[in-house]
Amino acid sequence: MIFGPIPAAPDLHRAAPGPTLVPMDLPFFTDRWAIACGTGFYASGLLYGCWSVLHRRRHSRIASYTFMLVGWLLQTYGLYLRGQATHSCPTGNKFELVQFVAWSCTLLYLAVGPAFRTSLLGFFSSGMAVLLGVVSLAIPAWDSASRTRPFGDDPVVAIHASLALFSYGVFALLALTSLMFLLQHRNLRQKRSGGAFALLPSIVELDHMNLRLLGCGVVLLAIALGIAGLHWRGHPDAVAPAKLIVTVTVWLCYAFALGQRLLQRWVAQRFAWLCLALFLAPLLSLGIVSSPRRPDLPAPLPAVRAP
Amino acid sequence: MTAAKHLFLLGANHRTSPLALRERLTLTPEKGAALAAALRATGAVAEYCLLNTCNRVELYAVSPEPVTAQHLLAEFCRIQGLAPADFAPHAHQRRNPAAVVHLFEVAAGLDSQMVGETEILGQVKDAYAAAQAAGTVGPVLNRVFQKAFHAAKIVRRETAIGEGQVSVATVAVSLAERIFGRLRDSRVLVIGAGDIAEKTAKALRSREAGTIIFANRTAARAEELAREFAGAALPFARLDDGLAESDIVVSSTAAPEPVLTVPMVDAAMHKRASRPLFLIDLALPRDIEPGAAELPNVFVYNLDDLARLAEENIAQRRAEIDRARALLTGRAEETWQKLSPGSTSDSPQ
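Residues numbered from 1 in each chain as written. Chains lettered and ligands numbered in written order. Predicted model: local features only at pLDDT ≥ 70, side-chain atom pairs only at ≥ 80, totals over all residues. Heavy atoms only, no water.

Now for the sheet that holds strand β6 (residues 212-216) of chain B. All names here are of chain B. A sheet is described by the order of its strands in space; here six strands give the open sequence β7-β6-β5-β8-β9-β10, paired in parallel fashion. With one partner strand each, in any of the chains shown, β7 (232-235) and β10 (298-302) form the two edges of the open sheet. Neighbouring strand axes in the sheet, compared pairwise and without regard to direction, differ in orientation by 20° on average. For strand β9 (residues 277-281) and β10, the ladder comprises five bridges, and the chain directions are parallel. Each bridged residue has a counterpart across the sheet, and for F278 the counterpart in β10 is F299. Where helix α9 (residues 195-206) meets the sheet, it contacts β5 (188-191), β6 and β8 (248-251), and its direction lies at approximately 155° from that of β8. Against the sheet, helix α10 (residues 219-228) touches β6 and β7, its axis set at about 160° to β6. (Pairing = 2+ DSSP bridges. Helix = DSSP H or I, 4+ residues; strand = E, 2+ residues; numbered from the N terminus. Axes fitted to C-alpha atoms, helices over the stretch in contact; angles between N-to-C directions. Contact = heavy atoms within 4.5 Å.)

Overall, the prediction assigns chain B a mean pLDDT of 85, with 93% of residues at 70 or greater. Every residue in residues 344-349 of chain B is under pLDDT 50, and counting partners more than four places away or in other chains gives twelve contacts. (pLDDT = per-residue confidence, 0-100.)

Centre distance and the angle of the planes are the two values used to describe a pair of aromatic rings. This model, assessed by the stated rule, comprises 14 aromatic pairs over all chains. Ring centres of W72 of chain A and W103 of chain A lie 5.5 Å apart, and the angle between their planes is 20°; on these two criteria the pair is classed as stacked. Separated by 31 residues along the polypeptide, W72 of chain A in helix α2 (residues 61-86) and W103 of chain A in helix α3 (residues 94-112) bring together distant segments of the chain. A relative accessible area of 16% means that W103 of chain A is categorised as buried. Each ring, one from F278 of chain B and one from Y301 of chain B, has its centre 5.8 Å from the other, and the planes form 85°; the classification is edge-to-face. Placement of the pair is F278 of chain B in strand β9 and Y301 of chain B in strand β10, with a sequence separation of 23 residues. Classification of F278 of chain B as buried rests on a relative accessible area of 0%. Taken together, Y60, Y128, F145 and F149 of chain B form an aromatic cluster joined through their ring pairs. One Lys or Arg, K191 of chain A, reaches over the ring of Y301 of chain B and ends 5.5 Å from the middle of that ring. Above the plane of the ring of F271 of chain A lies R261 of chain A, whose end atom (NZ or CZ) is 5.5 Å from the centre. (Phe/Tyr/Trp six-rings, centres within 6.5 Å; stacked < 30°, edge-to-face > 60°. Buried < 20%, exposed > 50% of the residue type's maximum accessible area, 1.4 Å probe, protein only. Lys NZ or Arg CZ within 6 Å of the ring centre and 35° of its normal.)

Turning our attention to the interface of chain A and chain B. The interface of chain A with chain B comprises 19 residues on the first partner and 25 residues on the second. Taken over both partners, the interface formed by chain A and chain B buries close to 1800 Å², and the fraction arising from carbon and sulfur atoms is 48%. At the junction of chain A with chain B, the criterion picks out one salt bridge. Residue D305 of chain B pairs with K191 of chain A through a salt bridge whose shortest N-O separation is 2.8 Å. The interface formed by chain A and chain B contains 15 residue pairs in polar contact (both at pLDDT 80 or more). When contributions to the side of chain A that touches chain B are tallied by element, the ones reaching two or more residues are α5 (155-189) and α6 (203-234) of chain A. In terms of residue count, α5 of chain A provides more of the side of chain A that touches chain B than any other element does, five residues in total. Its residues assigned to classes, the side of chain A that touches chain B comprises six nonpolar, six polar and seven charged. (Buried area = accessible area lost by both parts, 1.4 Å probe. Salt bridge = Lys/Arg side-chain N within 4 Å of Asp/Glu carboxyl O. Polar contact = N/O pair within 3.5 Å; in protein donor to acceptor, adjacent residues only side chain to side chain. Nonpolar A, V, L, I, M, F, W, Y, C, P; charged D, E, K, R; others polar.)

Written out as structure tokens, the structure is:
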């Protein structure tokens, strides 16, 4: 999508006019192309991982990491162009929300992945990024022409949105590490060598990582909700009750899981299953989370249009 | 040499009999002594050597008379309290050059559950040394066993049969790493003082495993091992405490009943919070009740499990088997020819 001219209108929820966000030296390299290319690199990492798994070969972590890094840089560039268009965090429609979650998840992988000596975390992360990327690119309705600045010009609320979506990225990575735990656990219980999956991190390492990710996600979402709560006190009409209920419910679900784990009531396999299943909550809530304000209020004007 | 024509092998191993039967076939020292007395009493056995390991019980016997394998089988079953009809389908018997070839293959690790493993050579040497000490080996078995040791060395040198990690100990350690990652924070409890358990402790130590605790019915032996591994000794009566505090448990006792029961493991797990427990059962009969494997967060591997995993990892070794077998067969037949000039090779019975 090439950003077109942005009509000026005195609406706080609409983006301020800005330059056309296509680099002069790369006229065809639009935000959407950058994101698609990023998804392509994620897919290359996934295919490389699949090849390693199917051929029971120890994969090169450098190659896997490079695919992910290049993909993430391209995705960052695409989201940056979109952010420039609205002068805010690129979370104006479902496409951007999903992309932001995938971006956060990949960023976390890039940060923590090298900590494991032999792991397929890159393989699973690339799988997640490809899934989210392809689905969001394939549904044009998600990338509506009417992109909005859902939180107006208030930077505090923009921080809230970024933190909340970043916590969703953390929960996405938590779902991946939980899946890896379950695979390793199943192979060990069924006394299988596991082939290339034997290169997964140990279950103790994955369990520790799950706990840290869960704690991190819960804290981030709590801060995001705290900021939103402060904002909501001053602007009670700015948030739809359904959105408030859903986001608080998502946080409560994860906080419950964290409490159960800390109390040692849900551990190991049960805890991993819980973390995996709970990821449905943020996924299903994305639609409601993307609604910026009470539905009975006038809708914001379009910020940018597709050519 | 006429006697060499009557070299018999009778036994059972992992290829011929299931784990449950092998548990029953394991010869205790008392049964071994009874079998020796029975063999002497027949008057027909001039030499014999008994190879009794966790995966095989094999009797190599030399007789000046053409005693039948059925006769040996009957004596063996009587000592073991088995009906010959129950044992016969799982027994394997060899005669003359086929018996020599079999011993060569056993010593070289070709007949092991984990092809190419080296522990068996030491066990064969131990069996031979015990027979020498008891004075039950003579010119035939002396030559056959010594040639078997020599052939095993040649096979290891000239083929890749011994390459890769395939021993019980190293497979167990790699599993421990899949559960705990780096082992430096893991506590290890070794129950019993079996040879394989000691090797496993060594392998764990080589991967920087944390504290290693030894528990043995003979406290002095546990303390000796604790000194050797810079670990600690635990009174056998305090096994429950050790179980709760350890991450990896290697059990290799000669106890006829399980040492670790399901209630014991269950109670330990309640004290361990979220940390998994890896139980390695290297004993036969088994030391750990099979039901323990059903408990959450408990991983139980016995000898068969470890062997099967190793088999998966050593497929490339199998490509070397034919080469190794060709080397061994030629040497075994040559050995037999020298013992019994002019004799022809008998096929296995």
